[in-house]
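Survey of secondary and tertiary structure
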Amino acid sequence: MRCFQQMPLLAALAGLATAAFSSWTNVNINGGGGFIDGIVFHPKTEGLVYARTDVGGLYRMNSDYSWTPVTDSIITDANWDRAGVDALAVDPQDDSKVYVALGEYTNSWDPNDGVIARSSDQGATWSFTNLTFKVGGNMPGRGMGERLAVDPANSDIIYFGARSGNGLWKSTDAGVTFSKVTSFTAVGNFAPDPSDSTGYESDLQGLAWVTFDPTSGTTNGATSRIFVGSASNGSVEAIWVSTNAGSTWTAVAGQPGTYLPHKGKIQPDEGALYITYSDGTGPYDGTAGAVWRYDIANTSWTNITPVSGSNLYFGFGGLGLDMQSPGTLVVAALNSWWPEAQLFRSTDSGATWSTLWEWTSYPDMDRYYSISTPTAPWIYNSFISVSGAEQLGWMIEALEIDPFNSDHWMYGTGLTLYGGYDLTNWDTTHNITITSLANGMNEFATLWVASAPGGSELLAAVGDDCGFTFVSASDLKTSPQETWENPFWSTSSSVDYAGNEPANVVRVGQATGSQMISISTDGGVTWNIDYGSDTTDYGGEVAYSANADTILWSSSTSGVLRSQYQSTFASVSTLATGAVIASDKRNGTVFYGAVSGAFYFSTNTGSTFTKGGALGSASSIVQILPHPTTAGTVYVSTNLGIFKSTNYGSSFSQLSTAITATQQISLGLPASGSTWYLYAFGDGPDGNKLYASADDGTTWTDIQGTQGFGPIDSARVAGSGNTAGQVYVGSGVGRGVYYASGSLTGGSTTGTSTTSVKTSTTSSASSSAKATTSTTSSSVKTTSTTSSASSSVKATTSTTSSSVKTTSTTLTTSKVSSTATATSAAPSCTVAVYGQCGGTGFTGCTVCASGSTCTVENDYYSQCV
């Protein structure tokens with residue numbers, strides 16, 4: 001039972017308001033963006049295909065070859081780990097049924113045991129069988145498999161090969177229950193790094209795949225012959241077989257035993273089991289390997305490894321068999337990082353092979369393919385055309401040929417899903433067309449989202465792919481031309497805009513070896529390195545002053561840092577390491593900070609901070625949210641709920657405690673009325689979800705519904721500053737950014753909805769920021785265009801050529817007037833000599849100390865000299 005602190009009974013019983021919000025849909029970044037580690041074609045129903053991901057759930061292919069996510073509704077705050085899919089199976093006899101093994105980690109990072117989820121309507125709804133051990137959808141070895149398989153002769157029988165020494169499990173009731181197969185004793189002896197204290201690489205990889213032989217006949221109504229591959233390094237007992245429907249098991253005689261069996265698939269017309277091997281379980285390791293063919297009837301093994309000697313510097317992962325043309329297969333180098341991945345094709349059961357590229361005279365090579373990404377231009381423009389190498393991708397473990405069409409094939413990478421529709425040209429012209437086939441896949445870990453009033457509609461900082469800018473709401477359905485570039489870094493942890501100058505944006509990266517602060521003056525379309533940052537600091541949170549002259553950075557490495565006019569970042573001693581920070585969006589001199597449960601503010605552009613008002617008994621501050629158009633109005637998300645100040649944080653009152661333990665919060669333009677919508681992830685009447693309020697936190701509405709965002713403590717939210725009633729959510733798992741729009745209508749206002757909190761400040765009157773007026777309007781007024789910047793943006797590439805066409809795109813943003821609302825004034829005081837006393841958007845003190853005069857230095861800065 002939940003207990004709400006300081007909450008009157010009537011407020012606790014207040015009903016939720018009603019809302020008419022549209023269903024949640026993905027912002028169309030598109031193209032995947034993450035690791036697609038499994039693909040399964042239904043063997044008897046043409047066009048039915050599923051793809052699994054390590055952190056983004058399961059997708060089903062549509063008739064137009066796009067993809068629909070089918071596990072969003074089950075990836076909840078409590079069950080966030082269900083975004084990790086470690087195994088996938090379909091029922092060969094019933095195309096309505098699909099099964100997945102769900103769970104993220106087998107170590108302490110995941111608090112939950114795994115589940116086997118089953119659907120009888122192709123993923124529309126799900127039922128669950130709880131396991132007594134964990135499942136590792138984002139663990140090493142996640143591209144092996146498939147670990148889950150349905151008996152092609154008996155739909156009631158399902159096998160699951162577990163990790164962590166848990167052995168083989170079997171269901172005889174179509175997945176409702178599972179029991180351990182006691183006659184199967186192998187558990188797999190391989191762990192990537194047995195000394196890893198986190199448990200991530202020291203856990204046993206377990207059983208890698210289960211494969212039924214449909215040519216073997218049946219025993220008591222079940223397929224007689226079953227093969228199981230285990231992650232057993234250097235062992236001649238890595239592959240096991242049963243010839244009596246699982247009653248007894250023996251190691252397959254004569255098996256190679258040198259490497260780990262990665263994939264094991266049967267070509268029934270050949271009566272052959274093909275196996276790819278690697279000395280690592282992937283997706284990142286593997287420096288040696290092999291490919292073998294096992295003739296089942298003759299029990300003979302043939303080494304069909306495509307390369308040898310110095311050309312063999314990788315293991316093998318992906319394995320695709322052509323069911324229309326027995327003896328034709330494609331295998332992939334698991335991790336040929338340089339100069340390129342490699343794929344091999346054979347039409348004679350592995351006796352001879354041809355490659356997808358080869359050296360001519362180093363460093364030149366012949367590529368027997370063209371590659372394009374028309375549905376996700378950013379992949380070509382920001383990856384393929386930039387590096388030249390790694391065009392074909394990396395971490396290739398999922399590779400399948402359509403069982404109904406020898407020309408249609410797909411393979412998963414660490415970035416996208418590639419493939420094409422002319423695979424047999426490999427055998428004739430030896431020149432095939434490869435394209436990104438991940439239309440509808442959005443597997444991005446979103447670390448921050450922002451919407452700038454009068455500026456870019458959406459700024460999304462993401463992991464692995466840096467980040468993306470959507471200039472207007474009309475862009476949300478169009479995949480971006482490129483990622484954040486110049487510089488590009490893998491992960492961006494935070495992004496912010498200048499409230500009075502919204503075309504000015506700052507972002508921070510999460511790496512070492514180069515500067516991790518980048519700034520933009522055209523709303524995030526183009527970027528430049530801020531050389532005031534050094535090459536050792538990275539990560540954390542960044543805040544941009546309202547007038548775009550000062551950057552405050554709560555770094556992951558050196559505490560809180562400050563830079564003005566792109567000067568060298570210097571330490572801010574009055575805010576502790578790990579502080580939460582924000583900038584007042586209208587007063588260019590004011591920044592806010594928080595450490596644990598204490599709130600701080602600065603009136604001298606972040607040079608020093610003073611403790612502000614108390615937040616009741618709150619012990620943890622998650623986020624500081626300044627009002628987008630009203631200076632001095634600031635909201636604070638805490639473990640007790642949301643607090644609000646209208647005087648720069650000198651004092652606070654608590655909003656309705658119907659929502660507690662709040663996480664990320666945001667304000668957005670309302671669909672009607674003048675009060676900005678307030679959005680909050682928190683613990684409310686419907687559980688840990690996303691709520692919204694149209695009356696400044698008096699009543700709340702559950703606007704999440706059945707949509708799953710993953711864990712709310714890592715989800716991000718941004719109300720639109722330009723599109724009325726629209727809100728963005730960066731998922732707490734790898735599902736990119738969602739958006740929805742709608743109108744909030746009232747709710748019960750019975751009882752006490754605001755709790756008065758005793759507030760006091762330890763600051764002196766001269767340094768505290770007192771509010772004198774309140775906002776009178778929530779609309780954003782914009783002046784005439786003040787920033788019109790043209791930038792060269794790479795356009796979609798031709799599907800038959802690797803050349804890049806470029807066009808020129810002009811971004812026009814509207815500067816937010818500093819008088820858009822009646823704002824709270826900064827404290828009445830005297831500015832010391834050399835202090836700021838004026839400038840565009842400046843609302844601080846303007847009276848200079850005796851002996852000095854307020855002198856204009858530039859449009860943005862006047863100084864007492």
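Residues numbered from 1 in each chain as written. Predicted model: local features only at pLDDT ≥ 70, side-chain atom pairs only at ≥ 80, totals over all residues. Heavy atoms only, no water.

Under an unreviewed UniProt entry, the name given to the protein chain is Glycoside hydrolase family 74 protein, and the organism recorded is Coniella lustricola. On record in UniProt, under Sequence similarities (unreviewed entry), the comment for the protein chain is "Belongs to the glycosyl hydrolase 74 family." (UniProt positions renumbered as here; feature names shortened; annotations may be inferred.)

A few points about unusual backbone geometry
Between W338 and P339 the backbone carries a cis peptide bond, its omega angle lying at -5°. Its location among the elements puts P339 in the loop between β26 (329-333) and β27 (343-346). Cis geometry marks the peptide bond from Y362 to P363, where omega comes out at 10°. When you line up the elements, P363 lands in the loop between β29 (357-359) and β30 (365-367). (Helix = DSSP H or I, 4+ residues; strand = E, 2+ residues; numbered from the N terminus.)

Things to note about the pairing of strand β24 (residues 300-303)
Here strand β23 (residues 289-295) runs beside β24; their pairing, made up of 4 bridges, is antiparallel. Each residue of the ladder has a partner; that of D295, found in β24, is S300. (Pairing = 2+ DSSP bridges.)

Describing the sheet that holds strand β28 (residues 354-355)
Read from one edge to the other, the open sheet built from 4 strands follows the order β25-β26-β27-β28, with strand pairing classed as antiparallel. Strands at the two margins of the open sheet, each flanked by one partner only, are β25 (316-321) and β28. As judged from the 4 bridges shared by β26 and β27, these two strands associate in the antiparallel manner. Looking across to β27, one finds that L329 is bridged to S346.

Comments concerning the pattern of salt bridges
For the structure on display, the rule yields 15 salt bridges. A salt bridge links R293 to E270, with the shortest nitrogen-to-oxygen separation between them at 3.2 Å. Placement of R293 in strand β23 and of E270 in the loop between β21 (260-267) and β22 (272-278) is noted, with a sequence separation of 23 residues between them. Since its relative accessible area comes to 14%, R293 is described here as buried. Residue E270 is classed as buried on the basis of its relative accessible area, which comes to 18%. Counted as one network, the salt bridges with shared partners bring together D37, R52 and E146. (Salt bridge = Lys/Arg side-chain N within 4 Å of Asp/Glu carboxyl O. Buried < 20%, exposed > 50% of the residue type's maximum accessible area, 1.4 Å probe, protein only.)

Some remarks on the environment of I659
Structurally, the position occupied by I659 is in the loop between β54 (653-654) and β55 (665-668). Excluding anything up to four places from it in sequence, I659 contacts L640, G641, G682, D683, G684, P685, Y691 and W700. (Contact = heavy atoms within 4.5 Å.)

Remarks on the sheet that holds strand β11 (residues 148-150)
Hydrogen bonds between backbone groups are what pair the strands of a sheet, and the pairing can be parallel or antiparallel. Taken in spatial order, the 4 strands of this open sheet run β11-β12-β13-β14, and their pairing is antiparallel. Looking at the sheet topology across the chains shown, the edges are occupied by β11 and β14 (179-180). Two elements, strand β13 (residues 168-171) and β14, share 2 bridges in a ladder whose sense is antiparallel. Considered in β14, the bridge of W169 is made with K180.

Examining the nonpolar core
Across soluble globular proteins, you tend to see nonpolar side chains buried next to one another. V27, L343, W378, L392, W409 and I434 are the most contacted members of the largest nonpolar core, which totals 44 residues. With 5 residues, the single largest contributor to this core is helix α2 (residues 377-387). (Core = buried A, V, L, I, M, F, W, Y, C linked by side-chain atoms within 4.5 Å.)

Some words on the side chain of S155
Following the sequence through the fold, S155 ends up in the loop between β11 and β12 (158-161). Exposure remark for S155: the relative accessible area of 17% places this residue in the buried category. Within the structure, S155 has its side chain in polar contact with the side chain of D91 (distance 2.8 Å). Polar contacts involving the side chain of S155 include one to the side chain of Q93, which spans 3.4 Å. (Polar contact = N/O pair within 3.5 Å; in protein donor to acceptor, adjacent residues only side chain to side chain.)

Notes on the environment of G641
Along the chain, the position of G641 falls in strand β53 (residues 641-645). In the structure, G641 is positioned 19 residues away from V622 in sequence and 10.0 Å away in space, judged by C-alpha atoms. Not counting chain neighbours up to four residues away, the residues in contact with G641 comprise V636, Q654, I659, T660, A661 and T662.

Digging into the packing of aromatic side chains
A complete count under the given rule lists 36 aromatic pairs for this structure. Taken together, Y159, F184, F212, W240 and W249 form an aromatic cluster joined through their ring pairs. Across the ring face of F128, the terminal group of R82 is positioned such that the distance to the ring centre comes to 4.1 Å. (Phe/Tyr/Trp six-rings, centres within 6.5 Å; stacked < 30°, edge-to-face > 60°. Lys NZ or Arg CZ within 6 Å of the ring centre and 35° of its normal.)

Notes on the environment of D407
Relative to the assigned elements, D407 resides in the loop between β32 (399-401) and β33 (409-412). Along the backbone, D407 and G420 are 13 residues apart, and their C-alpha atoms lie at a distance of 7.4 Å. The residues contacting D407, other than those within four sequence positions of it, are G420, Y421, D422, L423, T424 and N425.

Re the pairing of β21
Of all the 8 residues making up β21, 8 are buried; the element is thus mostly covered by neighbouring parts of the structure. Judged from the 7 bridges that link them, β21 and β22 form a sheet pairing that is antiparallel. Of the residues in β22, the one forming a bridge with L260 is S278. Between the end of β21 and the start of β22, which pair antiparallel, lie 4 residues, with G271 showing a positive phi angle near 65°.

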